[in-house]
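Given next are the chains, with one letter for each unit.
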Amino acid sequence: MKTIKTIALCLASICMAGTLASCGSSKNAWGQKSMAPAKKGYAETGKYRNYLKELGIPQADIDKKINEVFSEIFENPERGAYKDVEIDGKKMGYISDVKNNDVRTEGMSYGMMVAVQLDKPELFNKLWRWSNHFMRHNEEGPSHGLFAWSCRTDGRRTSQGSASDGELYYVTDLLLASRRWGSYEEFNYLEEAQTLLNQLFSKDGTGGVTNIINMEKKLINFCPDTRSNEWTDPSYHLPAFYEIWAETAKDGREAIYRELADSARAYLHRATDPVTGINPDQSQFDGTANRGSEFHYDSWRVPMNIAMDYTWYHKDAEWQSDYANRMQEAIVGRYGLTEFPDQFALNGDAPRFLMGGGRWKGNLRHSIGFVGTLSTTSLMTDGQYSQDLVRHMFDQVLEPYEDGYYDVYYDGLVYLFALLHLSGNYRMSW
């Protein structure tokens, strides 16, 4: 890596010393063909970039890769995460965190996002029916309309509490479904989203239940309860989603949603390290790491969330491009393209402790999910590592690691999201 980096720095120096023509106008400072980031967002252009195809990967191979990963998660009967069920004569389905043998609003709402992006309304509706039947608090009370964040695969709740990111995704899933399909089977998706939004914004702390938004800070909380309303998770901050709410919900809260988008962007500046770009798993609303939190599994999603906002709305593009450069240098530049681990201290060193579970506790891996989310930063920069990082991401295979660990659920879903972003298939309009 040191040799490659030295050559790259020399090429960069030559380019800066001479004219652009002397380096070749079609190449960047490292001798690669230029793949400059977009200068406008999809909201303005309506054009979705297929970075993988620009990189020279045939479209047939891109489609095959997406289908393979989708099939492994949703169609593999032995080790997949998705299962079809029928309850009271209704077709339903759930996505399980297979390692923990439970169903989470995180995974259910991610599955619905996959379904809307890949034009699979039947799958979307199966997941939404299961969510409403087993996870939603349909009874009257302080939590009415919210979702229990975790259930067993038979629907028994392991927690009555909610996780704010699940509701955030559910709303956005429904609004995007309303854009793509309008209505399908028994669901009018806009009406479903409006009902959920009204329920989410009706909580006032009664019974210990709050909105998913801390309305004083205008930022999403960790959980909608009076205790967890006082801190947050950086990976829950998706300004692009609030923009969708403002454009599509038609519920009179447009100004609030746009304020939430701006607040989320400002928060991400605070929550990411000014040198490395690395963020903690949990933080205070001022961005300070919560009780010494470091970069673990939740944190993987932040680079992809920022890349989504860059490509969709382009309202914070200068900072976002700089962030992408810092992240790639701190991780790929320091550890190497094929060696970088999946957990860090905020300065890029090894973390003080490792997240895990069961017999896997304490393991660092070159995780396919994090390789995927980090690679989406290449949509914001054409730096030294950008193109090789995406090529390396595309070469990954969703399969067990050498130590036997296999996470078809989280690794699989965030990797699939990354493929959709980089192929121009993670969209806000069709």
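Higher on the page you've got the structure.
In this text, all values refer to a predicted model and were calculated from it rather than measured experimentally.

**Structural notes on the overall build of the chain**
Consideration 1: Summing up its helical and strand segments, the chain has 16 helices and 8 strands in all.
Consideration 2: Against the 2.2 N^0.38 benchmark of 22 Å for 430 residues, the chain shows a C-alpha radius of gyration of 21 Å, consistent with a compact globule.
Consideration 3: Along the first, second and third principal axes, the C-alpha atoms of the chain reach 70 × 45 × 45 Å.
Consideration 4: Per-residue burial over the chain gives 59% buried out of 430 residues.
Consideration 5: In the chain, the 46 positive side-chain charges and the 58 negative ones have mean positions that sit 2 Å from each other.

**Some remarks on the pairing of strand E2 (residues 90-97)**
Consideration 1: Counted residue by residue, E2 has 6 buried out of 8 residues, so it is predominantly covered.
Consideration 2: Here 6 bridges tie strand E1 (residues 82-87) to E2, and the two strands are oriented antiparallel to one another. The residue bridging tyrosine 82 from the neighbouring strand is isoleucine 95, located in E2.
Consideration 3: The turn joining E1 and E2, which pair antiparallel and follow one another in sequence, is formed by 2 residues; a positive phi near 50 degrees is taken by aspartate 88.
Consideration 4: Following E2, the chain reverses through 4 residues before pairing antiparallel with strand E3 (residues 102-104); asparagine 101 in that reversal takes a positive phi of roughly 55 degrees.

**Re the packing of helix H14 (residues 368-375) against helix H16 (residues 410-422)**
Consideration 1: Interaxial distance between H14 and H16 falls to 8 Å at its minimum, and their mutual angle equals 25 degrees. Between H14 and H16, the angle is such that the two are roughly parallel. Handedness of the crossing formed by H14 with H16: left-handed. For the pair formed by H14 and H16, the contact residues are Ile368, Gly369, Gly372, Thr373 and Ser375 on the first element and Asp411, Val414, Tyr415, Ala418 and Leu422 on the second.
Consideration 2: A breakdown of the residues in the contact of H14 with H16 according to their chemical character gives 5 nonpolar, 4 polar and 1 charged.

**Comments concerning helix H6 (residues 105-117)**
Consideration 1: If you check H6, its first and last C-alpha atoms are 18 Å apart, about what 13 residues at 1.5 Å a residue would give, namely 18 Å.
Consideration 2: Counted residue by residue, H6 has 13 buried out of 13 residues, so it is predominantly covered.
Consideration 3: Of the residues flanking the end of H6, it is aspartate 119, one or two places downstream, whose phi is positive at about 60 degrees.

**Here we look at helix H13 (residues 317-335)**
Consideration 1: Relative to the 27 Å expected for 19 residues at 1.5 Å per residue, H13 spans 27 Å between its end C-alpha atoms, a close match to the ideal helical length.
Consideration 2: Along its length, H13 shows its largest kink, about 30 degrees, at glutamate 329.
Consideration 3: Just beyond H13, the residue with positive phi is glycine 336, at close to 100 degrees.

**Comments concerning the packing of aromatic side chains**
Consideration 1: By the definition in use, this model includes 32 aromatic pairs.
Consideration 2: Here the aromatic rings of phenylalanine 74 and tyrosine 82 are separated by 5.9 Å at their centres, their planes lie at 40 degrees, and the arrangement is tilted. The residues phenylalanine 74 and tyrosine 82 share a single accessibility class, namely buried.
Consideration 3: Geometrically, the ring pair formed by phenylalanine 295 and phenylalanine 344 is edge-to-face, given 5.6 Å between the ring centres and 65 degrees between the ring planes. Taken together, the positions of phenylalanine 295 in the loop between helix H11 (254-271) and helix H12 (301-312) and phenylalanine 344 in the loop between H13 and H14 put the pair 49 residues apart, joining distant regions of the chain.
Consideration 4: By relative accessible area, phenylalanine 295 is classed as buried at 0%.

**Some words on the sheet that holds E3**
Consideration 1: Across the sheet, which stays open at both edges, the 4 strands sit in the order E1-E2-E3-E4 with antiparallel pairing between neighbours. The outermost strands of the open sheet, each flanked by one partner alone, are E1 and strand E4 (150-152). On average, adjacent strands in this sheet sit at an angle of 50 degrees to one another, irrespective of strand direction.

**Topic: the nonpolar core**
Consideration 1: In terms of nonpolar packing, the biggest core is built from 130 residues, with Phe74, Trp245 and Trp312 touching the most fellow members.
Consideration 2: When residues of this core are assigned to their parent elements, the largest contribution, 9 residues, is made by H16.
Consideration 3: Beyond its immediate chain neighbours, meaning those up to four positions away, phenylalanine 74 contacts Tyr82, Ile95, Gly111, Val114, Leu123, Leu413 and Leu416.

**Some thoughts on the pattern of salt bridges**
Consideration 1: Inspection of every chain in the model, using the stated rule, returns 26 salt bridges.
Consideration 2: Note that arginine 156 is salt-bridged to aspartate 154, the shortest N-O span being 2.7 Å.
Consideration 3: Where arginine 365 meets aspartate 403, a salt bridge forms, and the shortest distance between an N and an O atom there is 3.2 Å. Separated by 38 residues along the polypeptide, arginine 365 in the loop between H13 and H14 and aspartate 403 in the loop between helix H15 (386-394) and H16 bring together distant segments of the chain.
Consideration 4: According to the relative accessible area criterion, arginine 365 is buried, its value standing at 7%.
Consideration 5: Under the relative-accessibility criterion, aspartate 403 is labelled partly exposed at 34%.

**Some details on unusual backbone geometry**
Note: most residues except glycine have negative phi, and most peptide bonds are trans.
Consideration 1: Residues other than glycine seldom take positive phi values, yet asparagine 101 does so here, at roughly 55 degrees.
Consideration 2: In this structure, arginine 291 takes a positive phi of about 50 degrees despite not being glycine.
Consideration 3: Tracing the backbone through its elements, the reader meets arginine 291 in the loop between H11 and H12.

Parameters at a glance
- Residues numbered from 1 in each chain as written.
- Predicted model: local features only at pLDDT ≥ 70, side-chain atom pairs only at ≥ 80, totals over all residues.
- Heavy atoms only, no water.
- Helix = DSSP H or I, 4+ residues; strand = E, 2+ residues; numbered from the N terminus.
- Rg over C-alpha atoms; globule rule 2.2 N^0.38 Å.
- Buried < 20%, exposed > 50% of the residue type's maximum accessible area, 1.4 Å probe, protein only.
- Lys, Arg positive; Asp, Glu negative; His and termini not counted.
- Charge placed at Lys NZ, Arg CZ, Asp CG, Glu CD.
- Pairing = 2+ DSSP bridges.
- Axes fitted to C-alpha atoms, helices over the stretch in contact; angles between N-to-C directions.
- Parallel < 35°, antiparallel > 145°, perpendicular 65-115°, else oblique.
- Left-handed = near helix turned anticlockwise from the far one by under 90°.
- Contact = heavy atoms within 4.5 Å.
- Nonpolar A, V, L, I, M, F, W, Y, C, P; charged D, E, K, R; others polar.
- Expected span 1.5 Å × (residues − 1).
- Bend = angle between axes of the 7 residues up to and from the residue.
- Phe/Tyr/Trp six-rings, centres within 6.5 Å; stacked < 30°, edge-to-face > 60°.
- Core = buried A, V, L, I, M, F, W, Y, C linked by side-chain atoms within 4.5 Å.
- Salt bridge = Lys/Arg side-chain N within 4 Å of Asp/Glu carboxyl O.

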